[in-house]
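# Tertiary structure, described
Residues per chain are reported as follows:
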Amino acid sequence: MAELDWNLIRSFVTVAETGSLSAAARRLDASQPTLGRHVSELEQALGVTLFRRGRRGYELTEAGAVLYERGRTVSDEAAAFSRLALGSVEAIEGTVRLAASDVVAAYVLPDIVARLGVEEPGIEIEIVASNQVENLLRRDADIAIRMVRPTQNELVARKVTDIALCLAATTTYLDRCGRPGSPSDLPSHRLIGFDRSDDIIRGFAGLGLSVSRSAFCVRTDNQIVVWQAVRAGVGIGIGQQPLAARESAVEIVLPGLPLPVLPVWLAMHRDVRTGLRIRRVADFLYEELKRYSAG
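Residues numbered from 1 in each chain as written. Predicted model: local features only at pLDDT ≥ 70, side-chain atom pairs only at ≥ 80, totals over all residues. Heavy atoms only, no water.

If you tally the helices and strands in the chain, you get 11 helices and 11 strands. A compact globule built from 295 residues should have a C-alpha radius of gyration of about 19 Å, whereas the chain, at 32 Å, is more than 25% larger. Dimensions of the chain, computed from C-alpha atoms along their principal axes, come out at roughly 100 × 40 × 25 Å. Total accessible area on the chain is roughly 16,100 Å²; 49% of this is exposed by carbon and sulfur atoms. Taking the 35 positively charged and 36 negatively charged side chains of the chain as two groups, their mean positions are separated by 1 Å. (Helix = DSSP H or I, 4+ residues; strand = E, 2+ residues; numbered from the N terminus. Rg over C-alpha atoms; globule rule 2.2 N^0.38 Å. Areas by Shrake-Rupley, 256 points an atom, 1.4 Å probe, with all protein chains shown as cover. Lys, Arg positive; Asp, Glu negative; His and termini not counted. Charge placed at Lys NZ, Arg CZ, Asp CG, Glu CD.)

Here the focus is the packing of helix H5 (residues 102-119) against helix H11 (residues 276-294). Between H5 and H11, whose axes approach to 10 Å, the crossing angle comes to 130 degrees. As the angle between them shows, H5 and H11 are arranged oblique. H5 and H11 meet at a crossing whose hand is right-handed. The residues of H11 that touch H5, namely those facing Val108, Leu109, Ile112, Arg115, Leu116 and Glu119, are Arg280, Val281, Phe284, Leu285, Glu288, Leu289 and Tyr292. (Axes fitted to C-alpha atoms, helices over the stretch in contact; angles between N-to-C directions. Parallel < 35°, antiparallel > 145°, perpendicular 65-115°, else oblique. Left-handed = near helix turned anticlockwise from the far one by under 90°. Contact = heavy atoms within 4.5 Å.)

With that settled, the discussion passes to the environment of Phe12. Turning to its location among the elements, Phe12 is positioned in helix H1 (residues 6-18). What makes Phe12 buried here is its relative accessible area of 3%. Dropping the residues within four chain positions of it, Phe12 is found in contact with Leu42, Leu50, Phe51, Leu60, Gly64, Leu67 and Tyr68. (Buried < 20%, exposed > 50% of the residue type's maximum accessible area, 1.4 Å probe, protein only.)

This brings us to the confidence of the model for the chain. Mean pLDDT for the chain: 88, with 90% of residues reaching 70 or above. A low-confidence stretch, residues 86-90 stays under pLDDT 50, and its non-local contacts, those more than four residues away or across chains, total one contact. (pLDDT = per-residue confidence, 0-100.)

According to the stated counting rule, one finds three aromatic pairs in the structure shown. Taken together, Phe12, Phe51 and Tyr58 form an aromatic cluster joined through their ring pairs. (Phe/Tyr/Trp six-rings, centres within 6.5 Å; stacked < 30°, edge-to-face > 60°.)

Attention now moves to the nonpolar core. Counting residues in hydrophobic clusters, the biggest one holds 55 residues, and the most contacted among them are Ile143, Ile145, Leu285 and Leu289. Those residues in contact with Leu285, other than ones at most four positions away along the chain, are Leu98, Leu109, Ile112, Ile143, Ile145 and Leu266. Counting 17 residues, the second-largest nonpolar core is a separate cluster that includes Ile9, Phe12, Leu35 and Tyr68. (Core = buried A, V, L, I, M, F, W, Y, C linked by side-chain atoms within 4.5 Å.)

Attention now moves to the environment of Val156. Turning to its location among the elements, Val156 is positioned in strand E6 (residues 155-170). Judged by relative accessible area, which is 22%, Val156 ranks as partly exposed. Separated by 109 residues in sequence, Val156 and Gly47 place their C-alpha atoms 56 Å apart.

Working definition: two side chains of opposite charge can pair if their charged atoms are close together. Counted under the stated rule, the structure contains 19 salt bridges. The salt bridge partner of Arg53 is Glu43, with a shortest N-O separation of 3.0 Å. Here the residue Arg53 occupies a position in strand E1 (residues 51-54), and Glu43 occupies one in helix H3 (residues 32-46), the gap between them amounting to 10 residues. The partly exposed category is assigned to Arg53, whose relative accessible area is 41%. Among the residues examined, Glu43 registers a relative accessible area of 12% and is labelled buried. For Arg97, the salt bridge identified is with Glu126, shortest N-O distance 2.9 Å. Of this pair, Arg97 sits in strand E3 (residues 94-100) while Glu126 sits in strand E4 (residues 123-129), placing them 29 residues apart in sequence. (Salt bridge = Lys/Arg side-chain N within 4 Å of Asp/Glu carboxyl O.)

Our focus in this paragraph is the environment of Leu266. In this structure, Leu266 sits in strand E11 (residues 261-269). Classification of Leu266 as buried rests on a relative accessible area of 2%. Residues contacting Leu266, with those up to four places away along its chain left out, are Ile143, Ala144, Ile145, Val156, Ala157, Arg158, Val160, Ala282, Leu285, Tyr286 and Leu289.

Right, let's get into the pairing of E6. Strand direction decides the pairing type here: E6 and E11, joined by nine bridges, are antiparallel. Bridging across to E11, Arg158 finds its partner in Leu266. Relative to strand E9 (residues 237-240), E6 runs antiparallel, the two being bridged by four bridges. By the bridge assignment, Cys166 is partnered in E9 with Gly239. Pairing analysis gives four bridges linking E6 to strand E10 (residues 250-253), with the strands arranged antiparallel. Residue Ala169 lies in a different strand from E10, and its bridge partner there is Glu251. (Pairing = 2+ DSSP bridges.)

What follows is the structure, encoded as C-alpha cells:
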C-alpha cells in the first residue's frame, strides 16, 4: 500500500462513498474514465475485486469494504496534512519585533507596517527605536534594520540598499536667507548639527571647509530632532534624501553635493531566520526599503 499512488486510493474511497463514477467525478472534479481507470489499476495492483458493478452503481465487495475502512483513514490523514500545509502558507500569524534607528523607526517603518498589515493581518509588529546591535544578541528583537553591517557570528545580515543623504531646509527659510550656490556659502547660514558627534564637522572638512562646533545654531545627537528642526525652518540640516523628497515644504540644498550614503542591512539571529513569519516580514521589509530608498 505504501508504494501505491495516492490518487488511486483517493479515487477508490470517493467511488465507495458516492456509489458511482459520475458522483465521484463531480466531487473530485475529475472525469469518469479517469476514475474508472484508477479503480481498475488499484484492483490490479492489489489482486482483488473492490466493487461489484451493477445497475445500482458500484457496490463494495467484502474485500473492498475492508480496504475502504483503511483507505478512509488514509484519506482523513491526507486531508489533515493538506489543511496543515495550507494553513502554514496562508495563515501567517504571530508577533515580530523590529529594531531600527530612530529616524527609520519614526519616519519610514510606520508606512511600511501599514502596508504589511493589509497583506498579513495576522502578524503583530513591535518596533524598537534603537541603534544597538545587541538587540538581536539579547533576543530583544527578531529583525534589525542597521546602517552598518553586523559582524557577530550569531547574526545573519543581508544588504538591502544605500540611502542617499542630503542637505535640506524649508522653502520659507531659503526664501528668507537665500539659497547657497556652493559649499563655501554654508558657514554663513544657520546650520543644524550634531552635539557630541563630530561627523558633520568632519564632513565639512572633507569639503574643504573648516568649521567649529559653534557653527551650528542648534546641536543635537538625536536625528529625529535634527530632522524636525529642518522641517520647522530652523536652518539647513542633514537628512535622508527620500525623506526630503516627501516634504513639499522642504528643498534639497546643493543637490550635487557629494555626501556619503547610508548602507542598509537587515540582520537576524541565526536561530530565528527560518521562522515563517520572520522570513515573510524580512522579505517584505527588503522590498519596501528598496522602494523607499529609490523615492
